[in-house]
Amino acid sequence: MFNFSGKTILITGASYGLGANIATSFASAGARLILTARTQDRLESVGAQCREIGVEVLCISGDVANEDDVKNVVAGGVSEFGCIDVLINNAGISDSRGISAERFPTDTFDNIMNIDLKGAFLYMREVGLHMLMKKSGNIVNICSIKGSGANENTNIAYAAAKGAMRNITQQLGCEWADRGVRVNAVSPGYIITDMTRMALQKLGMDKIIASRTPMRRLGEVHEIVNAVLFLASDMAGYITGHDLLVDGGTNAGNGYYQIQPLLHEWNAETAPMAPGAYPGLVPRPEWMESLLPGLPGIHFPVADRK
Ligand code: NAP
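Computed from a prediction, not measured in an experiment: that's the story for all the values here. (Residues numbered from 1 in each chain as written. Predicted model: local features only at pLDDT ≥ 70, side-chain atom pairs only at ≥ 80, totals over all residues. Heavy atoms only, no water.)

1. As for the layout of surface pockets
Basically, it comes down to this: Within this scheme a cavity is a closed region of a 1 Å grid, computed over the protein atoms alone, that accommodates a 1.4 Å probe without allowing it to escape, whereas a pocket is open but has protein on both sides within 12 Å along at least five of seven lines; lining residues each have an atom within 4 Å of a point. Grid points are joined across faces, edges and corners, and a volume is the space filled by probe spheres set on the points. Only DSSP runs of H or I with at least four residues qualify as helices, and only runs of E with at least two residues qualify as strands; both kinds are numbered from the N terminus onward. Amino acids are sorted into nonpolar (Ala, Val, Leu, Ile, Met, Phe, Trp, Tyr, Cys and Pro), charged (Asp, Glu, Lys and Arg) and polar (every other residue, Gly among them).
Approximately 360 Å³ is the volume attributed to the second largest pocket. Considering the residues around the second largest pocket, the lining is formed by 22 residues, among which Lys7, Asn138, Arg182, Ala232 and Asp234 are closest to the centre. Put simply, the parts of the chain that give the lining of the second largest pocket at least two residues each are strand 5 (137-142) and strand 6 (181-188). Across the lining of the second largest pocket, the residue classes break down as eight nonpolar, nine polar and five charged.

2. A few points about the site of the ligand
Heads up, the rule is: Any residue with at least one heavy atom within 4 Å of a molecule or strand is counted as near it. For the purposes of these results, a polar contact is taken to be a pair of N or O atoms within 3.5 Å, where, inside protein, one atom must be able to donate a hydrogen and its partner to accept one; residues adjacent in sequence count only when each atom of the pair is a side-chain atom. Where accessible areas are quoted, they stem from the Shrake-Rupley method and a 1.4 Å probe; at the residue level, only the protein chains shown are allowed to cover.
Around the ligand, a shell composed of 30 residues is seen, among which Tyr16, Arg38, Thr39, Tyr158 and Thr193 lie nearest. Interatomic distance of 2.8 Å between a backbone N/O atom of asparagine 90 and an oxygen atom of the ligand. Contact with the protein chains removes 97% of the 870 Å² of surface that the ligand exposes when unbound. Contributing elements (two or more residues each) for the shell around the ligand: helix 1 (17-28) and helix 5 (156-175). Taken together, the residues of the shell around the ligand break down into 15 nonpolar, eleven polar and four charged.

3. Some remarks on the nonpolar core
The condition is simple: We define a nonpolar core as any set of buried Ala, Val, Leu, Ile, Met, Phe, Trp, Tyr and Cys residues linked to one another through side-chain atoms lying within 4.5 Å. For the exposure calls, accessible area comes from a 1.4 Å probe over protein chains only, and a residue counts as buried if that area is under 20% of its type's maximum, exposed if over 50%, partly exposed in between. Contacts are assigned to residue pairs that have any heavy atoms within 4.5 Å of one another.
By size, the foremost hydrophobic cluster in this structure holds 37 residues, and its most contacted members are Ile11, Phe26, Leu33, Leu35 and Ile88. Within the residue set of this core, elements represented by two or more residues are strand 1 (8-12), helix 1, strand 2 (32-36), helix 2 (40-53), strand 3 (57-59), strand 4 (86-89), strand 5 and helix 8 (221-232). In terms of residues, this core owes the most to one element, helix 8, which gives eight residues. Not counting the four nearest positions on each side in its chain, phenylalanine 26 is found in contact with Phe4, Ile9, Ile11, Ala31, Leu33, Ile88, Val228, Leu229 and Ala232. Counting residues in each nonpolar core, the second largest holds 34 residues, with Ile34, Val64, Val127 and Met131 among its members.

As structure tokens, then:
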């Protein structure tokens with residue numbers, strides 16, 4: 001459906017999770033890729049998969065929160081391929097411990113803001129300048145439903161970062177609209193990746209999330225990727241400053257679609273309740289340990305669940 005032949009796409013957070021899937025999907029659509037994340041070997045492995053599909057790939061490791069790294073990735077990409085047509089600001093972290101705002105540690109707050117918000121801004125500024133000079137380009141920010149509303153996942157820094165990212169999307173979408181650069185966001189509901197798997201599957205949060213999602217299921221990674229490809233393509237040529245929610249109706253439902261978690265499988269025979277296997281997962285038992293005491297703020301009998 002999409003053809004990105006001749007286009008160069010820079011994707012942050014491309015070493016695993018959603019970013020790795022975005023990378024292989026753009027490769028399948030013919031794009032040249034600049035991939036970045038901190039973990040060099042996993043980045044190279046995604047790069048190798050994309051090269052097998054038949055496209056040119058440049059992997060440059062770096063931390064999105066480090067300005068020198070960001071400049072190095074952008075300069076390296078422009079020097080290798082001549083230009084950057086699309087930026088996908090995907091890199092992000094969260095914190096699944098469920099710490100309430102009144103006890104939220106300052107260093108955790110700073111870390112999340114630095115990666116999820118400042119990192120995205122640095123890339124928008126550096127790549128945006130390049131795009132404005134060539135009078136064309138477009139940016140897709142991976143935001144979150146937490147950017148436009150609250151839910152039971154208590155993580156004040158993530159909510160702040162994603163809310164600000166959504167607002168920056170609107171601001172830059174307008175600020176750069178008459179200079180050839182579009183800026184949009186995709187806001188996923190819950191999908192299973194390294195970021196969320198422990199909480200969603202091990203603690204049974206997938207059930208409570210499904211119970212309050214009008215479609216009664218989590219999202220699939222490809223459903224998020226499709227929205228990213230659309231906004232990055234010329235098919236979305238008159239769309240800018242937009243936050244595209246890909247959330248099974250969650251934010252539209254406004255809470256009214258909650259059913260008892262125990263009943264959530266009432267339509268399981270006709271619709272899958274959770275995505276299939278997630279190939280990129282690297283089990284991290286220490287996460288499980290930290291989550292077992294329970295998630296304050298989540299109204300669910302965590303301790304009873306195995
Ligand atoms: P993930 O599986 O944890 O992957 C995160 C990616 O970001 C990895 O490639 C990681 O690579 C990279 N990253 C983290 N910190 C970085 C840093 N300082 N510098 C450079 N790269 C960094 O998470 P995901 O679920 O795919 O999330 C991708 C995006 O979707 C995030 O922005 C997230 O907030 C958003 N999102 C996810 C969900 C969900 O349900 N999963 C829902 C809504 C929004 P390295 O560790 O190698 O650096």
